[in-house]
Amino acid sequence: MSIFYGLAHNLRGCAIEPLDSRTRYPPPTLIVLVAENTSVRRQTFDGNSDDELVFVLGWGNRIDHENVQWLIDELTGEFRVTVFELPDTINNFVEEYVLPIERYVETLDSFRLLGHSTGGLIGPYLDDAETRTYLSPWWGYAENHQGPALTLVRKLPISVPIVPTEVTERDAIGELATDRQLSEGAGRAAPSFLREIRYAQRALPPISDDAVVFCTLSDRLVSTRAIGDRVPSDRIRLYDGGHELFSSPDRDRRIDTLLTAVRDGPDAQ
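Residues numbered from 1 in each chain as written. Predicted model: local features only at pLDDT ≥ 70, side-chain atom pairs only at ≥ 80, totals over all residues. Heavy atoms only, no water.

Q: Explain the overall build of the protein chain here, please?
A: A count of helical and extended segments in the protein chain gives 10 helices and 11 strands. A total accessible area of about 13000 Å² is found for the protein chain, and carbon and sulfur atoms account for 48% of it. (Helix = DSSP H or I, 4+ residues; strand = E, 2+ residues; numbered from the N terminus. Areas by Shrake-Rupley, 256 points an atom, 1.4 Å probe, with all protein chains shown as cover.)

Right, here's the structure in full:
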């Protein structure tokens, strides 16, 4: 099922009657649904080095998910890793996503940055990283997540997760995604969250010249065109599988390249 499919399907046949100045309508009633937000969660894992790596997870990722832990274990072989887990629902991208991470990295003398999906959208808003590595960054909505009905959904004044997503589908995420990972992921999105993501994509700062991107051309969740429009091909590393490299069977073949990119940036081969 495509993200937004349920609401988009219901809206597909709707027509909006043009207003006539002679027609009198009762004043609209605005109903705002708000969910209680949780804050960004942070956890640090000591590694075999004092080199700091800030790893920002994607939407619906949990620090204790098995495949996330697999990647953290690989990263701690070379870095001290601080992982940020994002709340599923927000009303302000900068205040609720960017600033908590920004306040932390400002306390560091130096750091490298790794961001997956929504974490890859947050990354360009953070300054002073030594290297920047992005996994399937959400710099644009995939083509199947676009259209007038979906634009309308994003305008709804609702902060409750009501929109079905694909992040609980194994073939979209990766063959190695566990049942627990899929069941605990963010199965529905709030219109407020989707609206803030669209805002962040439109306001996205230029991608730095040292950024390296890992992605799959078969990604159904983010726009690969948005990646290609911002990063030259010599800084893009392709893999086979779903949206999450760390849930892909290709992960063992690509992990050394990923570690090199995190350590050395665009000079990684």
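Q: Explain the nonpolar core here, please?
A: Nonpolar side chains in soluble globular proteins tend to end up buried together. Core analysis: the biggest nonpolar cluster contains 50 residues, and Val54, Phe93, Ile101, Ile122, Trp139 and Phe193 have the highest contact counts within it. Broken down by secondary-structure element, the contributors of at least two residues to this core are β3 (52–56), α3 (93–105), α4 (118–122), α6 (170–173), α8 (191–202), β10 (211–215) and α9 (224–230). Of all the elements, α3 adds the most residues to this core, at six residues. Once you skip the residues sitting within four places of it in the chain, Phe93 turns out to touch Val98, Leu121, Ile122, Tyr125, Glu196, Ile197, Tyr199 and Ala200. (Core = buried A, V, L, I, M, F, W, Y, C linked by side-chain atoms within 4.5 Å. Buried < 20%, exposed > 50% of the residue type's maximum accessible area, 1.4 Å probe, protein only. Contact = heavy atoms within 4.5 Å.)

Q: How should I be thinking about the sheet that holds β3 in this particular structure?
A: Within a sheet, each strand pairs with its neighbour through backbone hydrogen bonds, oriented either parallel or antiparallel. The strand order across the open sheet built from seven strands is β2-β4-β3-β5-β6-β10-β11, with neighbouring strands paired in mixed fashion. In this open sheet, the two strands that pair with only one neighbour each are β2 (41–45) and β11 (236–238). When strand polarity is set aside, the average angle formed by the axes of neighbouring strands in this sheet is 15°. As paired strands, β3 and strand β5 (residues 112–116) are joined by four bridges and run parallel to one another. Within the sheet, the bridge partner assigned to Phe55 lies in β5 and is Leu114. (Pairing = 2+ DSSP bridges. Axes fitted to C-alpha atoms, helices over the stretch in contact; angles between N-to-C directions.)

As far as function goes, none of this settles anything; it's purely spatial.
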